[in-house]
There are 2 protein chains.
Amino acid sequence: MTIIEKARKGIVTNEMKKVAAVEGVTPEFIRNEIAGGRIIIPKNKLRKNVEAGGIGNKLRTKVNANIGTSKDKNSLKLEMKKLRVSLEAGADAVMDLSTGGDIRAIRKAILAECPKPLGTVPIYEMFVTASAKCGGRLDLDAEYLFEVIEQQAEDGVDFMTVHCGLTQTALERIRKTKRLTGIVSRGGAFVAAWMTRTGRENPLYENFDRLLKICKKYEVAISLGDGLRPGCLADASDRPMVQEMIILGELAQKSLEEGVQTIIEGPGHMPLDEIASNVRLQKSVCNGAPYYVLGPLVTDVAPGYDHITSAIGGAIAAWAGADFLCYVTPSEHLGLPEPEDVRNGVIAARIAAHAADIVKLSDRSWDANMSKARKALDWDAQEKLGIDPSKFDLVKKTLKSKKGKKDKTCSMCGEFCAMEISDKLTE
Amino acid sequence: MTIIEKARKGIVTNEMKKVAAVEGVTPEFIRNEIAGGRIIIPKNKLRKNVEAGGIGNKLRTKVNANIGTSKDKNSLKLEMKKLRVSLEAGADAVMDLSTGGDIRAIRKAILAECPKPLGTVPIYEMFVTASAKCGGRLDLDAEYLFEVIEQQAEDGVDFMTVHCGLTQTALERIRKTKRLTGIVSRGGAFVAAWMTRTGRENPLYENFDRLLKICKKYEVAISLGDGLRPGCLADASDRPMVQEMIILGELAQKSLEEGVQTIIEGPGHMPLDEIASNVRLQKSVCNGAPYYVLGPLVTDVAPGYDHITSAIGGAIAAWAGADFLCYVTPSEHLGLPEPEDVRNGVIAARIAAHAADIVKLSDRSWDANMSKARKALDWDAQEKLGIDPSKFDLVKKTLKSKKGKKDKTCSMCGEFCAMEISDKLTE
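Model, not experiment: these values are computed from the prediction.

1. Details of the overall build of chain A
(1) Moving on: Counting its regular elements, chain A contains 19 helices and 10 strands.
(2) Moving on: Compactness check: chain A gives a C-alpha radius of gyration of 23 Å against a globular reference of 22 Å for 427 residues, within 12% of the reference.
(3) Moving on: Evaluated residue by residue, chain A yields a buried proportion of 64% over its 427 residues.
(4) Moving on: Computing the positive centroid from 61 side-chain charges and the negative centroid from 57, chain A places the two 3 Å apart.

See the structure below:
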């Protein structure tokens, strides 16, 4: 039985209890939401060393970090470093998007060291291998793709992005729409190119049952990829995007019926004022399935700062109900991230998630504790409470070099500290 | 005659024409909004080298950068560097908040080199000098404060923050409220401490006419400081904050009647869901006067990343109608900013401002041009359009090291570029 099937029968599993305890809700609530497809606990049956973490309705907003090699940059050592940086910075999940080097070996090494749910995009491995074999001609070999999916499931992957909603119906919308940046999802573009060339239906849609069977066998969660997500503000909320979301909603329903945990992927690039309605639309057409957004980036003009453009969009999305934020690093649109980009990406996404959770979960305790420590000029407590404690290194060094009474002085205002003056006021 | 008096008489000045041309609106619109106090063009009569820039209703959201010395760090050279970094990064205005070294000499040096409106907080100079004279006991000497204000006006300061709304009525609200972080405005805390000790009314409130007279003489714009702004989420939108805003609205009305340009300062720390209503409240009780917000920071827990916490809040505030964003640097809550913090602060605030302007001004042209360049893999055009062109240095270096056909390849996806695959799709 999968976790959904257990939940439906009223069984509360250990994973449900653990998630309930961490989130401060009842196990019964978790069970009910899993049965309804509104919460998932991604955890491959074969994985031993992964913590159970919940994603979805009324839970803390979670953050994913993408790592992975490319053809030009395929050092396992670098990826392991990025993994450690992601985890240190507080990522709740990691996706290995490797397209260079020995992809399976890299995945296995990451799986062995990652205590958080690990996701992949199996079509990447498929087309990298196909490309190496066929010398450039990229065929979508359904048989081989399912082999890859099954092998990844066997390796212990906890969730997989699959672009099942990119059907001929969705592609027709693309042809009838003037898009500024076309298709920006790599998996999406690949599938669409093959579908256009052959005139055939997307095999991931046609063989969705086969996909579900594999996922069920290994308890792999499906992340329904949005191959047609907008790649710029001009393409946001257009008909192809909405068409694909409708199909994803139908697939999510089927998936739930079969007992396979499912989340829905979302944009991408989107102006501020379209984000909340996008989230509400997703919740409606996908029956409340967890929503996993990439950003959204609220402007296209800031390469080098897309962790910020996406933190703005991510905060608004999570506030409106998005459950899972895929981080965006400063190097998005410029190149593959270095470890420092990974750290900045995870922290920015966590800030967005937490800013939303303050409102969504009505919980201001973390902020109140930090503010009390700040008011008390207690730098040790602030360091412990800071989202990135390492940022206090310099302050503490500066304070150490001072002596006695001055130790508590705020490094910013010096002797004209508002906190100190204000303290005297209420004495 | 001040610019407001001219606007009221139907006179369209050169400054109004310049601002209209830059903003793409009619000079008559600018004239009308200045007459109504909904737009200001801060520019001291005695300043020769300052560009006219407008702040307010239906104009592009502007960004201010705070620089200035402290007692421990008072190098003129460092401040001039921060000034240049602010301007390079695209700040629309600069405030000199110096509290260390020869404050007047620093101000004059900055004024001589700054082509954007320059603001100050005169009470800082007053209490630094008073503190040096009296050995710690901080008296609010009204006579001396007005001397400082007049001298700063003579020096050419374009706008000044004055905490006129912190009255005994407002202080009474503080006494009746449990605040977690009390008063976090330095000027506000200083004034409040003096008022509490002496039991007297705030001289900046009592002598508001005298202040207006000086501002009128030199055409200095007033920035009505919010001495009681919330310093943490727990204190956001409380009664003291709203009480002060009401008084600021009354003062702004008086100021407009006297022909003195005025803006209102706002928070501070504030959860996501209170920001839009805060902006709407300000617009209502202050008769549409331009709103100048410091952040708002949407969480208290991220020292080291407060340019991001404030970019989230600033984007939402500007979208709701805030006109002027004071930058917050990564080092806020940790120490005084270094030049690199200044750059990051300005860019983050500009991202927030622009993300809002896309919606507020219905203008997606910059983003569309960038997206076209991205789609065309035209790195030169992207560099020109990027909010920080220097971020493209590494990409261009990498591309240069490649040859021929590969030159156009996206550095992120390599041979599996969605843009390229997608191009073939529509061919």
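2. So, the relation of the copies chain B and chain A
(1) Moving on: Of the transformation placing chain B onto chain A, the axial shift is 0.0 Å and the rotation is 180°, giving an RMSD of 0.0 Å. Overall, the copies show the geometry of a two-fold rotation axis. The rotation axis passes nearest to the C-alpha of I312(B) in chain B, at a distance of 2.3 Å.
(2) Moving on: Counting the interface residues of chain B, we find that 100% of their copies in chain A are interface residues as well, pointing to one common contact surface.

3. Regarding the sheet that holds strand β7 (residues 221-224) of chain B
All names here are of chain B.
(1) Moving on: Taken in spatial order, the eight strands close into a barrel running β3-β4-β5-β6-β7-β8-β9-β10, and their pairing is parallel. Averaged over all pairs of adjacent strands, the angle between their axes in this sheet comes to 25°, without regard to strand direction.
(2) Moving on: Sheet analysis places β7 next to strand β8 (residues 262-266), joined by three bridges and oriented parallel. Within β8, the position partnered with I222 by the bridge is T262.
(3) Moving on: Docked against the sheet, helix α4 (residues 76-89) engages β3 (62-67) and β4 (93-96), running at close to 165° with respect to β3.

4. Here we look at the packing of helix α14 (residues 306-320) of chain A against helix α15 (residues 339-360) of chain B
(1) Moving on: With their axes 10 Å apart at the nearest point, α14(A) and α15(B) run at an angle of 45° to one another. Of the possible angle classes, the one that applies to α14(A) and α15(B) is oblique. In the packing of α14(A) onto α15(B), the handedness of the crossing is right-handed. Note on element contacts: α15(B) touches α14(A) through A348(B), I351(B) and A352(B), opposite I308(A), T309(A) and I312(A).
(2) Moving on: Across the contact of α14(A) with α15(B), the residue classes tally to five nonpolar, one polar and no charged.

5. Digging into the interface of chain B and chain A
(1) Moving on: Taken together, the 85 residues of chain B in the interface contact 85 residues of chain A.
(2) Moving on: Each partner contributes to the roughly 7,300 Å² buried at the junction of chain B and chain A, and carbon and sulfur atoms together form 71% of this total.
(3) Moving on: Run the count over chain B and chain A and you get two salt bridges.
(4) Moving on: Between E274(A) and R364(B) there is a salt bridge; the shortest N-O distance is 2.9 Å.
(5) Moving on: Taken together, the elements giving at least two residues each to the side of chain B that touches chain A come down to α6 (122-134), α9 (186-198), α13 (272-285), α14 (306-320), α15, α16 (365-375), α17 (379-385) and α19 (418-426) of chain B.
(6) Moving on: Looking at side-chain class alone, the side of chain B that touches chain A contains 50 nonpolar, 18 polar and 17 charged residues.

6. Quick notes on the domain arrangement of chain A
All names here are of chain A.
(1) Moving on: Domain parsing of chain A yields domain 1 (37-360) and domain 2 (365-426).
(2) Moving on: Placing a centre on the C-alpha atoms of domain 1 and another on those of domain 2 gives a separation of 40 Å.
(3) Moving on: In this assembly, six residues from domain 1 lie in contact with four residues from domain 2.
(4) Moving on: Approximately 480 Å² of surface area, both sides summed, lies buried where domain 1 meets domain 2, with 64% of it carried by carbon and sulfur atoms.
(5) Moving on: Broken down residue by residue, the surface that domain 1 buries against domain 2 is led by I347, R350 and H354, which jointly contribute 71%.

7. With respect to the environment of K43(B)
(1) Moving on: Mapped onto the elements of the fold, K43(B) is located in the loop between β1 (39-40) and β2 (55-56).
(2) Moving on: As for K43(B) and V157(B), which are separated by 114 residues in sequence, their C-alpha atoms are 8.0 Å apart.

8. Some thoughts on a nonpolar patch on the surface
Residues and elements named next belong to chain A.
(1) Moving on: Taken together, the side chains of I246, L281 and V285 make up a nonpolar region of the molecular surface, amounting to roughly 190 Å² of accessible area.
(2) Moving on: Structurally, L281 can be placed in helix α13 (residues 272-285).
(3) Moving on: Judged by its relative accessible area of 34%, L281 falls in the partly exposed class.

9. Some points on the packing of aromatic side chains
(1) Moving on: Summed over all chains, the structure comprises 10 aromatic pairs over all chains.
(2) Moving on: Centroid distance Y292(B) to F324(B): 4.2 Å. Interplanar angle 20°. Geometry classified as stacked. Residue Y292(B) is located in strand β9 (residues 291-294), and its partner F324(B) is located in strand β10 (residues 324-326); the two are separated by 32 residues in the primary sequence.
(3) Moving on: Classification of F324(B) as buried rests on a relative accessible area of 1%.
(4) Moving on: Clustering of aromatic rings is evident, with ring pairs tying together Y124(A), F127(A) and F190(A).
(5) Moving on: Across the ring face of Y124(A), the terminal group of R186(A) is positioned such that the distance to the ring centre comes to 4.6 Å.

10. With respect to the side chain of H354(B)
(1) Moving on: Turning to its location among the elements, H354(B) is positioned in helix α15.
(2) Moving on: Relative accessible area serves as the criterion here: at 11%, H354(B) is assigned to the buried category.

11. What to know about the pairing of strand β6 (residues 159-162) of chain B
Residues and elements named next belong to chain B.
(1) Moving on: Side chains F159 and T161 of β6 all project onto a buried face; the interleaved residues M160 and V162 project onto the opposite face, where all are buried too.
(2) Moving on: Here two bridges tie strand β5 (residues 118-120) to β6, and the two strands are oriented parallel to one another. Bridge pairing in β6 places G119 opposite F159.
(3) Moving on: Relative to β7, β6 is paired through four bridges, and the arrangement is parallel. Paired with M160 across the bridge in β7 is I222.

12. Side note on the packing of α13(A) against α14(A)
Any two packed helices are characterised by how steeply their axes cross, that is the angle between the axes, and by the distance between the axes.
Residue and element names in this part refer to chain A.
(1) Moving on: One way to put it is that α13 packs onto α14 with a least axis distance of 8 Å and a crossing angle of 35°. Between α13 and α14 the crossing geometry is right-handed. Here α13 contributes L272, I275, A276 and V279 to the contact with α14, which in turn contributes I312, G313, I316, A317 and A320.
(2) Moving on: Class assignment of the residues belonging to the contact of α13 with α14 gives a composition of eight nonpolar, one polar and no charged.

13. Concerning α9(B)
An α-helical segment advances 3.6 residues per turn. Residues three or four places apart therefore align on the same side.
Residues and elements named next belong to chain B.
(1) Moving on: Between its terminal C-alpha atoms α9 stretches 18 Å, which fits the 18 Å expected from 13 residues at 1.5 Å a residue.
(2) Moving on: For α9, the tally of buried residues reaches 10 of 13 residues, placing the bulk of the element in the interior.
(3) Moving on: The set of residues buried in α9 consists of R186, G187, G188, A189, F190, V191, A192, A193, W194 and M195.

14. Quick look at the pairing of β3(B)
Residues and elements named next belong to chain B.
(1) Moving on: Most of β3 is tucked away: six of the six residues are buried.
(2) Moving on: Residues K62, N64 and N66 line one face of β3 and the alternating positions V63, A65 and I67 line the opposite face, and both faces are buried.
(3) Moving on: As judged from the three bridges shared by β3 and β10, these two strands associate in the parallel manner. Bridging from a neighbouring strand, N64 pairs with C326 of β10.
(4) Moving on: One ladder, built from four bridges, connects β3 with β4; its direction is parallel.

The rules behind each value
- Residues numbered from 1 in each chain as written.
- Chains lettered and ligands numbered in written order.
- Predicted model: local features only at pLDDT ≥ 70, side-chain atom pairs only at ≥ 80, totals over all residues.
- Heavy atoms only, no water.
- Helix = DSSP H or I, 4+ residues; strand = E, 2+ residues; numbered from the N terminus.
- Rg over C-alpha atoms; globule rule 2.2 N^0.38 Å.
- Buried < 20%, exposed > 50% of the residue type's maximum accessible area, 1.4 Å probe, protein only.
- Lys, Arg positive; Asp, Glu negative; His and termini not counted.
- Charge placed at Lys NZ, Arg CZ, Asp CG, Glu CD.
- Least-squares fit on C-alpha atoms with pLDDT ≥ 70 in both.
- Contact = heavy atoms within 4.5 Å.
- Pairing = 2+ DSSP bridges.
- Axes fitted to C-alpha atoms, helices over the stretch in contact; angles between N-to-C directions.
- Parallel < 35°, antiparallel > 145°, perpendicular 65-115°, else oblique.
- Left-handed = near helix turned anticlockwise from the far one by under 90°.
- Nonpolar A, V, L, I, M, F, W, Y, C, P; charged D, E, K, R; others polar.
- Buried area = accessible area lost by both parts, 1.4 Å probe.
- Salt bridge = Lys/Arg side-chain N within 4 Å of Asp/Glu carboxyl O.
- Domains from an automatic or database assignment.
- Patch = residues over 30% accessible without salt bridge, like charges linked within 9 Å, V, L, I, M, F, W, Y side chains within 5 Å.
- Areas by Shrake-Rupley, 256 points an atom, 1.4 Å probe, with all protein chains shown as cover.
- Phe/Tyr/Trp six-rings, centres within 6.5 Å; stacked < 30°, edge-to-face > 60°.
- Lys NZ or Arg CZ within 6 Å of the ring centre and 35° of its normal.
- Expected span 1.5 Å × (residues − 1).

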